[in-house]
Amino acid sequence: FPVTINDDWIELIAGKDPDMEYIKDVSINNSMVVIHSMEKVHYDLLNSKFDNIRFHSLISSFDLAKTTHGNQMELIFFNRDIYLALYKEEQLQLLNSYQFQTPEDVLYVLLDICEKYTIDKDELNIFPEGFIVPESAIIRLLDQYFPHIHWPADALKENQHIHKDIPKQTVQFLERILHCVS
C-alpha cells in the first residue's frame, strides 16, 4: 500500500539534525521511496545556484525491476561509500549504503551480509561498478573470499577503456547518475 512520507516519518526514521537537510526520493521505476540527507549548507548552496534542482540518492539508481539470477550483489563504489543491492534467489533482500575507510571494512560488510542473509559467499555473484578498478586493493582482497566477481566485458582487457582512460564500470556508474538527472 502506498505510504505518504512526511516530515514526521523522516524524523522517526532518520532522526533530526538541524545541520542536515532530509530529502525524499523516488526510485527509477517508482518502486520505493528513499530518504537521504545532506549537509544543510551544501543543500542551501546548490539551491541558491540552480533553479528547480532535484536531489537523488545513488540508492535510487538501482533498477529493482530487472531480472536477476541466483544470489547476486550489485555494488557501487563512490568516494568512501558503497551502495549495495542484494538479491537472494532472485528476490531483493537489502538495499543500503555503507561507509568505509579500508578494504577490510568492505570485506567485513560483505561477509556480515552473507552471514545475516544465509548466503554462501562461494555462490554469490558480485557486480562492482563506480570508482573502482579490478587492480584496486579492495578488489584484490575481495577476490580472496568471493570467487564470482563479474566485471563488464571490457573492464578486464588491458588498455580497452572507453572514453580514453575511463573504465567501463565507471562509465556505467556515470550513466546511472545521468539517468537520475535526466
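Here the residue index of a chain counts from 1 through its sequence in written order. Reporting in this predicted model follows two pLDDT cut-offs: at least 70 for local features of residues, and 80 or more for side-chain atom pairs to be given and counted; totals over whole chains, interfaces and linings ignore these cut-offs and use all residues. Side-chain numbers here rest on the full set of heavy atoms in the structure, without hydrogens or water.

A.B. asks: Explain the pairing of strand β4 (residues 81-88) here, please?
C.D. replies: Look at any regular strand and the pattern is simple: side chains alternate between the two faces of the sheet. A simple rule labels every residue: compare its accessible area, found with a 1.4 Å probe on the protein chains alone, to the largest value its type can have, and call it buried under 20%, exposed over 50%, or partly exposed in between. Strands here are runs of E lasting at least two residues and helices are runs of H or I lasting at least four, both read from the DSSP assignment and numbered beginning at the N terminus. Most of β4 is tucked away, with 7 of its 8 residues classed as buried. For two strands to be treated as a pair, DSSP must find at least two bridges joining them. Taken together, strand β3 (residues 71-78) and the strand that follows it, β4, pair antiparallel across an intervening segment of 2 residues, in which N79 is found at a positive phi of about 55 degrees. Once β4 ends, the chain turns through 2 residues before running back antiparallel as strand β5 (residues 91-99), passing E89 with a positive phi of about 50 degrees.

A.B. asks: Got a minute to help me understand the sheet that holds β3 in this structure?
C.D. replies: The strands that make up a sheet pair up through hydrogen bonds in the backbone, lying either parallel or antiparallel. Taken in spatial order, the 4 strands line up as β5-β4-β3-β6 in an open sheet, and their pairing is mixed. Both edges of this open sheet fall to β5 and β6 (124-130), since each of them pairs with a single strand only. On average, adjacent strands in this sheet sit at an angle of 15 degrees to one another, irrespective of strand direction. Pairing of β4 with β5, which is carried by 8 bridges, proceeds in the antiparallel orientation. Looking at the pairing, L86 lines up with L94 of β5. Interaxial angles span 0 to 180 degrees and are taken between N-to-C directions of axes, which are lines fitted to C-alpha atoms, for helices over the stretch in contact.

A.B. asks: Can you help me understand the side chain of E74 in this one?
C.D. replies: Along the chain, E74 falls in strand β3. On the basis of relative accessibility, which here comes to 5%, the residue E74 falls in the buried class.

A.B. asks: For this particular structure, what's the right way to read the nonpolar core?
C.D. replies: Nonpolar side chains in soluble globular proteins tend to be buried together. Counting 25 residues, the largest nonpolar core has M73, L110, L142 and F146 as its most contacted members. The element that contributes the greatest number of residues to this core is helix α3 (residues 103-116), accounting for 6 residues. The contact partners of F146, leaving out residues within four places of it in the chain, are L107, L110, L111, C114, K121, L124 and I126. In these notes, a set of buried Ala, Val, Leu, Ile, Met, Phe, Trp, Tyr and Cys residues joined through side-chain atoms within 4.5 Å is what counts as a nonpolar core. Only heavy atoms matter for contacts: two residues are in contact if any of them lie within 4.5 Å across the pair.

A.B. asks: How do you make sense of the confidence of the model for the chain when you look at a structure like this?
C.D. replies: Do not read the predicted coordinates in detail wherever pLDDT is low. Each residue gets a pLDDT score, which is the predictor's confidence in that residue and runs from 0 to 100. Averaged over every residue, the pLDDT of the chain is 77; the share at 70 or more is 62%. Here helix α5 (residues 168-181) is the element of the chain with the lowest mean pLDDT, 58, and α3 is the one with the highest, 97. With pLDDT under 50 throughout, residues 154-162 is counted as low confidence; its partners more than four residues away or in other chains account for 10 contacts.

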